[in-house]
Amino acid sequence: MKTSTPLGSAFPLPPSVGDIGRSLTQLCLQPPLTIMMRQMASHHPAIFERMTNYAAAVFVVDPTDLPVRFAMVLERRSPSLRVATDDDIEAATATIQGPIALLVDLLEGKIDGDALFFSRQLVVEGDTEAIVALRNAVDGEEIDVRSEIARSTGPFAGAMRNLIAVLESVFARGRSRLRTLQDAILEPAANDIRSQRHDIDALRDQIAELKRGGRKPRSGFSA
Amino acid sequence: MTPRLSLELVCPAGTPAALRTAVDAGADAVYAGFRDATNARNFPGLNFSRAEMREGLAYAHAHRCKLLIAVNTYAEAGAPGPWHDAIDAAADMGADAVILADIGLLDYAARTHPHLRRHLSVQASASNPESINFYQRAFGVRRVVLPRVLTVAEIAHLNEQIDVETEVFAFGGMCPMAEGRCALSSYVTGESPNLRGVCSPASAVRYEKRGEDLVSQLGGFTINAFGPHESAGYPTLCKGRFTANDRAGYLFEEPTSLNVTGILPDLRAAGVTALKIEGRQRGKAYVAEVVRGFRRALDGNGRTGALGNMTEGQRETAGAYRRDWR
């Protein structure tokens, strides 16, 4: 089980700051999360019907590129979606971990969960049966996450749609720049490692050759 | 332009949404099962209630697509009620065929609903003329889904000796090819794939991150560990990695998926009637991409496109259809 900071592992904070941060995050996010879950229950009752056997399961959804995790309980009469507490994380029936964009695509059925899993972009831990049930129940519906979020803001739905579009664009640009930066920093190190690995392989071959024939290694090798 | 290949495209649906997706993507037929142990994909949250199946059937027929209902597990001895109910429901709602494996159920369907078309499931493991002709004579089977053990030449030879349509697997997970007779996962889970419709049931599966590795366990046994840059596979014993004679490796089967797009004309020439895409347990994104790809290939508009990312282990094979190792 991975250890947790109040706002997730992306931005670890000192405990007191973390507590304040958690309270603020919960304060801001809880009302729309609650409305969103109510809407899901209202618009997609089949999900809850398919999840009847897992009504008490706590699913922790961990977007790896966001500083927050969510806890979800799909109990038909009182479903809940909240910012995950340490207790939620500790008691999670199952955890689903991946980049937020992929998690949203998965929720909307735009991408195949098994394919994500095969490629290791999605990590699941805990009760596999509950995860499989959730995946199947969600995939059986047609969900538009952006619309659900926008609708959860009531009269501000139009403005929220625009805000989501802007945030998505900013997020995508930021991620692209981060990738460029990562490549610039990591590529030389990766080249060094590859070169060292090649040298180690050559040394191993020479040692094996020595063991087989008892001959002297070829001269000219430079590590 | 390449001529259209008249092979029927039979596509999977584990949910109503996947059914609609398959129909919209160009399936000629969709196969699905009820939400119980009567079908071989009895996974949590998957499959159809009676009402959902009825709605799915209406949607398929409105788009000139057939719906085949799989009742392809073996009935529990002395308690065939749920299996009979499933066959009755399929007949009542006007399914285009039922896919059966159990001879008791084939007999029940033939006697009770003589006009309901009967297909022989791959779970019956019928792969020679004597066996197939027996099912045709005794139960009026109209189509047989062939096990994945045959080469194209063997399928052609078989088709010359039978008077039954043949359906072959075209895309999806590979297995040791002992359909209907494989009890491998039963040894560690206590559940039968053939009686309860569960191969490596999710309740017995655990995934765990250990450092950078992903470890898969079945029934408490570690069966694989994937390195940080290694593609993962399904948690089945046949795809487990074990150590034997001091060497660790895939002893039974590697995590590789079947893809026959390269030999579609060969299969048609061999007398095959229909292609089956595997994956009722997969999501609608998989269904959309794979069905669209095969539709394009069959209509002569090119190959399926890159489906590699949809495959287990991210690798493809033509499997036994091209048994190069012989």
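Report follows, based on the coordinates.

Cut-offs and rules
Residues numbered from 1 in each chain as written. Chains lettered and ligands numbered in written order. Predicted model: local features only at pLDDT ≥ 70, side-chain atom pairs only at ≥ 80, totals over all residues. Heavy atoms only, no water. Helix = DSSP H or I, 4+ residues; strand = E, 2+ residues; numbered from the N terminus. Buried < 20%, exposed > 50% of the residue type's maximum accessible area, 1.4 Å probe, protein only. Contact = heavy atoms within 4.5 Å. Pairing = 2+ DSSP bridges. Salt bridge = Lys/Arg side-chain N within 4 Å of Asp/Glu carboxyl O. Axes fitted to C-alpha atoms, helices over the stretch in contact; angles between N-to-C directions. Expected span 1.5 Å × (residues − 1). Phe/Tyr/Trp six-rings, centres within 6.5 Å; stacked < 30°, edge-to-face > 60°. Lys NZ or Arg CZ within 6 Å of the ring centre and 35° of its normal. Parallel < 35°, antiparallel > 145°, perpendicular 65-115°, else oblique. Left-handed = near helix turned anticlockwise from the far one by under 90°. Nonpolar A, V, L, I, M, F, W, Y, C, P; charged D, E, K, R; others polar.

**Digging into the overall build of chain B**
Of regular secondary structure, chain B possesses 10 helices and 15 strands. The proportion of buried residues among the 326 residues of chain B is 59%. The contacts of chain B with a sequence gap of at least 6 include a subset with a gap of at least 24, amounting to 62%.

**Comments concerning the pairing of strand β2 (residues 70-73) of chain A**
Within a regular strand, the side chains alternate between the two sheet faces. All names here are of chain A. The two faces of β2 match: Phe-70 and Met-72 on one face and Ala-71 and Val-73 on the other face are all buried. Where strand β1 (residues 59-63) lies against β2, three bridges are found, and the strand directions are antiparallel. Each bridged residue has a counterpart across the sheet, and for Val-61 the counterpart in β2 is Phe-70. Counting the residues that bridge the hairpin from β1 to β2 gives six residues.

**A closer look at the pattern of salt bridges**
Summed over the entire model, instances satisfying the criterion amount to 21 salt bridges over all chains. The partner of Arg50(A) in a salt bridge is Glu52(B), with the nearest N and O atoms 3.1 Å apart. Linking Arg50(A) in helix α2 (residues 45-50) with Glu52(B) in helix α2 (residues 50-62), this pair reaches from one chain into another. The class for Arg50(A) is buried, based on a relative accessible area of 8%. When its relative accessible area of 13% is taken as the criterion, Glu52(B) is described as buried. With a closest N to O distance of 2.5 Å, Glu165(B) and Arg117(B) form a salt bridge. Taken together, the residues Glu165(B) in strand β7 (residues 165-173) and Arg117(B) in the loop between α4 (103-112) and β5 (118-120) connect sequence positions 48 residues apart.

**A look at the sheet that holds strand β9 (residues 213-218) of chain B**
Residues and elements named next belong to chain B. Taken together, the three strands give an open sheet; going across it, the order is β8-β9-β10, and neighbouring strands pair in antiparallel fashion. Every interior strand has two partners, whereas the edge strands, β8 (205-210) and β10 (221-226), have only one. In this sheet, adjacent strand axes meet at a mean angle of 25 degrees when their direction is disregarded. Where β8 meets β9, six bridges bridge the pair, whose relative direction is antiparallel. Bridging from a neighbouring strand, Lys-209 pairs with Leu-214 of β9.

**Points about helix α3 (residues 81-93) of chain B**
All names here are of chain B. Taking 1.5 Å as the rise per residue, α3 with 13 residues should run 18 Å; its terminal C-alpha atoms sit 18 Å apart, in good agreement. All of the buried residues along α3 are Trp-83, Ala-86, Ile-87, Asp-88, Ala-89, Ala-90 and Met-93. Among the structural elements, α2, β3 (66-71), β4 (97-100), α4 and α8 (193-196) are those in contact with the buried residues of α3. Two residues or fewer past α3, Gly-94 is found with a positive phi of approximately 90 degrees.

**Description of the packing of aromatic side chains**
Per the counting criterion, the structure on display carries eight aromatic pairs over all chains. Considering the side-chain rings of Phe171(B) and Tyr286(B), the 6.2 Å spacing of their centres and the 45 degrees angle between planes classify their relative orientation as tilted. Of this pair, Phe171(B) sits in strand β7 while Tyr286(B) sits in helix α10 (residues 284-298); the two residues are 115 residues apart in sequence, bridging distant segments of the chain. Per residue, the accessibility class of Phe171(B) equals that of Tyr286(B), and both read buried. Each ring, one from Phe171(B) and one from Phe294(B), has its centre 6.0 Å from the other, and the planes form 70 degrees; the classification is edge-to-face. Here Phe171(B), found in strand β7, pairs with Phe294(B), found in helix α10; they are 123 residues apart in sequence, far enough to count as distant. Pair check on accessibility: Phe171(B) and Phe294(B) agree, each one buried. Members of the aromatic cluster, each reached through a chain of ring pairs, are Phe117(A), Phe118(A) and Tyr207(B). Positioned above the aromatic ring of Phe34(B), the side-chain terminus of Arg50(B) is 4.2 Å from the ring centre. Lying over the aromatic face of Tyr31(B), Lys276(B) brings its terminal NZ or CZ to 4.1 Å of the ring centre.

**Some remarks on the packing of helix α1 (residues 16-25) of chain B against α10(B)**
All names here are of chain B. Interhelical geometry of α1 versus α10 gives an angle of 20 degrees and a closest axis separation of 8 Å. On the basis of the axis angle, α1 is roughly parallel to α10. The two elements α1 and α10 meet at a crossing, and its hand is right-handed. For the pair α1 and α10, contact is made by Ala-17, Ala-18, Thr-21, Ala-22 and Ala-25 and by Lys-284, Val-287, Ala-288, Val-291, Arg-292 and Arg-295, respectively. Residue classes in the contact of α1 with α10 are distributed as seven nonpolar, one polar and three charged.

**Section: the sheet that holds strand β3 (residues 80-83) of chain A**
Residue and element names in this part refer to chain A. One open sheet accounts for five strands, arranged β3-β2-β1-β4-β5; its pairing is mixed. Taken across any chain shown, the strands that pair with only one partner, and hence form the sheet edges, are β3 and β5 (123-126). Direction aside, the axes of adjacent strands within the sheet are offset by 20 degrees on average. By the bridge criterion, four bridges tie β2 to β3 in an arrangement that is antiparallel. Following the sheet pairing, Val-73 is matched in β3 by Ser-80. Seen against the sheet, helix α4 (residues 100-107) touches β1 and β4 (94-98) and runs at an angle of roughly 130 degrees to β1.

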